[in-house]
Amino acid sequence: MRPRWLVTAGRILTQLSHDRRTVALLLVVPALLVGLFAWLYQSDQVFQRIGPMVMALFPFILMFLVTSVATLRERRSGTLERVLTAPGSKADLICGYALAFSLVAVLQTGVTVGFSVWVCRLELAGSVLQLLGVAVVDAVLGTALGLLVSAFARTEFQAVQFLPVFVFPQIILGGVFMPRQQMPRALELISDFMPLSYAIDGVSQVAAGQGGWVVGRPLLIMAAFAVGCLVAASATLPRRTP
Amino acid sequence: MTETVQPARPPIVSVRGLKVKRGRVQVFDGLDLTVGSGRLTGLLGPSGSGKSTLIRAIVGLQRIQAGQVEVAGLPAGHPDLRHRLAYSSQADGVYLDLTVAQNVAYFTRLAGRPASEVERVIEAVDLSGQAQRLAGRLSGGQLRRVSLAVALIGAPQLIVLDEPTVGLDPVLRVRLWDLFTRLTAQGVSLIVSSHVMDEASRCDDLLLLRQGRLVAATDPVRLLAQTGQPDAERAFLELIRRDQAAAR
Ligand SMILES: Nc1ncnc2c1ncn2[C@@H]1O[C@H](COP(=O)(O)OP(=O)(O)OP(=O)(O)O)[C@@H](O)[C@H]1O
Ligand SMILES: [Mg+2]
């Protein structure tokens, strides 16, 4: 018998495969946005600094959104109830989602990195493979957070509002607009508790050709956040509802 | 007027002192009933009387305030029951962006059943011609049958169906009730909620709910005898009229 989380991941990918437009948007849009940045900053070195950071944002934001919408739809259509009364644990469902969307993230990041390096002339001192690795953890993090917070959304409108609530502050304080060390102390401390900060940090370090603990540390912290969110998501997903 | 049915075997479902509040509505305030094992039990009652809520309590999805709901001797929602109980909700619970066959295949794999099940249950609900179509492009009645097909996967001991025949034509409805009867002949217990009163005559036992109370637990023959009415529809109207009169 195939493990149930694999079965669920397969089901989610099959659903996506019927929605070609969403797949196209997921794969192409991040690359085009990076291209926009490259165009905007074509004359100076800003793009070489910001480019990698922007790459850290997309897997996180998009996976957060897609996951929130997908799980909310699952709840509203009655399929979630059906899955919860079928054999299997809540962890199977959660892990299925995490796996399916991290596979999408691998493809997405591949396209984005390829476009950035070969078309936008982003200079990468580090390896493309390492960058892919960080981006995948980044995407799992987005999926995990999306799964967790969507448990608290009753309607589609609420789910979409969670983006400005849970994601925008992380973008603002994540180090793209201002290096985190230069921020007011209080904000720097807050950003220490925001997982996206470590994604931005990790991607920048890889792009700068760093390795070892300098990359390993943010990666580990991201992974810990992701696992924490997934565990919390499967604990807070109620079987019984009012 | 509440009468209890005396089942020969221990009941498949027993509900004692069930209290449920949904939002501001006190749906049940101490409900007691049993459902006979190996029987086709019809759950009837006006819209809003609590049929779906009772069903959700039985399958372990409803948060309850107090009381006990037992299924096959286990508390409702027990993990062991997930292999023994099948449920199809009033909402279809079908992935609209998957084909009929993909929907059924997903739940077949979750249940760890062989792939041959997919064809069998699709055939049972007469959807073989639509198997490769996207569920989102089906008619309401076809969608209802996909939902039913999923509930037939495996060999559940208890099948709970919330209004499975809504939106179906009379021919299909008769075919499905034949299927339900065959299932009970194989020893499966079924609970089927319905709005259509003439479907009541196809059941072994009947439970009539009104405003969260059990108004009658009876069977089709006794129902007509008790009320002196010629058909189930009029008999139920009579029971509800008597219940209203008693409440006053
Ligand atoms: N999600 C909910 N939140 C709050 N109240 C609810 C909810 N669902 C149902 N109710 C209320 O609970 C009561 C019982 O509803 P239930 O769905 O069990 O009725 P029903 O007999 O299945 O009706 P129908 O035949 O229309 O499906 C109704 O008064 C209804 O308004
Ligand atoms: Mg109902």
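Preceding this section is the structure that the text describes.
A quick note: this is a predicted structure, and the numbers were derived from the prediction, not measured. (Residues numbered from 1 in each chain as written. Chains lettered and ligands numbered in written order. Predicted model: local features only at pLDDT ≥ 70, side-chain atom pairs only at ≥ 80, totals over all residues. Heavy atoms only, no water.)

Visitor: Pulling in residues and values, what's your account of the coordination of the magnesium ion (ligand 2)?
Guide: Residues and elements named next belong to chain B. Binding of the magnesium ion (ligand 2) to the protein goes through Ser 52 (OG) and Gln 90 (OE1), at separations of 1.9 to 2.1 Å. Placement of Ser 52 in helix H1 (residues 51-59) and of Gln 90 in the loop between strand E6 (85-88) and helix H2 (100-110) is noted, with a sequence separation of 38 residues between them. Overall, Gln 90 belongs to the partly exposed group, its relative accessible area being 42%. (Donors = N, O, S within 2.8 Å, 3.2 Å for Na, K, Ca; no water. Helix = DSSP H or I, 4+ residues; strand = E, 2+ residues; numbered from the N terminus. Buried < 20%, exposed > 50% of the residue type's maximum accessible area, 1.4 Å probe, protein only.)

Visitor: An account of the environment of Arg 239 of chain A is needed here, citing residue identities and associated values.
Guide: Within the secondary structure, Arg 239 of chain A sits in the segment after helix H10 (213-236). Sequence-wise, Arg 239 of chain A and Leu 189 of chain A are 50 residues apart; in three dimensions their C-alpha atoms are separated by 36 Å. Setting aside residues up to four positions removed in sequence, Arg 239 of chain A forms contacts with Leu 84, Gly 88, Ser 89 and Lys 90 of chain A together with Gly 60, Leu 61 and Arg 82 of chain B. Of the polar contacts made by the side chain of Arg 239 of chain A, one reaches the backbone oxygen of Leu 84 of chain A; its length is 2.7 Å. (Contact = heavy atoms within 4.5 Å. Polar contact = N/O pair within 3.5 Å; in protein donor to acceptor, adjacent residues only side chain to side chain.)

Visitor: Outline the interface of chain B and chain A, supporting the account with residue identities and numerical values.
Guide: Across the boundary between the two partners, chain B contributes 34 residues, which contact 27 residues of chain A. Across the interface of chain B and chain A, roughly 2900 Å² is buried in total on both sides, 53% from carbon and sulfur atoms. Counting every contact that joins chain B to chain A gives 2 salt bridges. Here Glu 81 of chain A makes a salt bridge to Arg 56 of chain B, at a shortest N to O gap of 2.3 Å. Where chain B packs against chain A, one counts 21 residue pairs in polar contact (both at pLDDT 80 or more). The set of elements that each furnish at least two residues to the side of chain B that touches chain A consists of H1, E6, H2 and helix H4 (140-151) of chain B. Ranked by the residues each element gives to the side of chain B that touches chain A, the list is headed by H2 of chain B, at 5 residues. (Buried area = accessible area lost by both parts, 1.4 Å probe. Salt bridge = Lys/Arg side-chain N within 4 Å of Asp/Glu carboxyl O.)

Visitor: Tell me what's going on with the site of ligand 1, and back it up with residues and numbers.
Guide: All names here are of chain B. Lining the immediate environment of ligand 1, one finds 15 residues, of which Ser 47, Gly 48, Lys 51, Ser 52 and Thr 53 sit closest. A distance of 3.0 Å separates an oxygen atom of ligand 1 from a polar atom in the backbone of Gly 50. The fraction of the free accessible surface of ligand 1 (640 Å²) that becomes covered by protein chains is 66%. When contributions to the shell around ligand 1 are tallied by element, the ones reaching two or more residues are strand E2 (25-35) and H1. With 3 residues, the top contributor of residues to the shell around ligand 1 is H1. Counted by class, the shell around ligand 1 contains 3 nonpolar, 9 polar and 3 charged residues. (Near = heavy atom within 4 Å. Areas by Shrake-Rupley, 256 points an atom, 1.4 Å probe, with all protein chains shown as cover. Nonpolar A, V, L, I, M, F, W, Y, C, P; charged D, E, K, R; others polar.)

Visitor: With reference to specific residues and values, describe the sheet that holds E2 of chain B.
Guide: Residue and element names in this part refer to chain B. Taken in spatial order, the 4 strands line up as E2-E1-E4-E5 in an open sheet, and their pairing is antiparallel. A single partner strand is all that each edge strand has here, and the edge strands are E2 and strand E5 (74-75). Both strand E1 (residues 13-22) and strand E4 (residues 66-71) contribute to a ladder of 5 bridges, which runs antiparallel. Paired with Ser 14 across the strands is Glu 70, a residue of E4. Its contacts with the sheet place H1 against E1, E2 and E4, and it is angled at close to 120° to E1. (Pairing = 2+ DSSP bridges. Axes fitted to C-alpha atoms, helices over the stretch in contact; angles between N-to-C directions.)

Visitor: Can you tell me about the sheet that holds strand E8 (residues 189-194) of chain B, naming the residues and giving the values?
Guide: Residue and element names in this part refer to chain B. Strand order in the open sheet formed by 6 strands is E6-E7-E8-E3-E9-E10, and the pairing between neighbours is mixed. Pairing within the sheet leaves two strands with one partner each, and these edge strands are E6 and strand E10 (213-218). Going across the sheet, the axis of each strand differs from the next one's by a mean of 15°, ignoring polarity. Where strand E9 (residues 205-210) lies against E10, 5 bridges are found, and the strand directions are antiparallel. Within E10, the position partnered with Leu 208 by the bridge is Ala 216. Across the face of the sheet, helix H5 (residues 170-185) comes into contact with strand E3 (40-44), strand E7 (158-162) and E8 while running at roughly 155° to E8.

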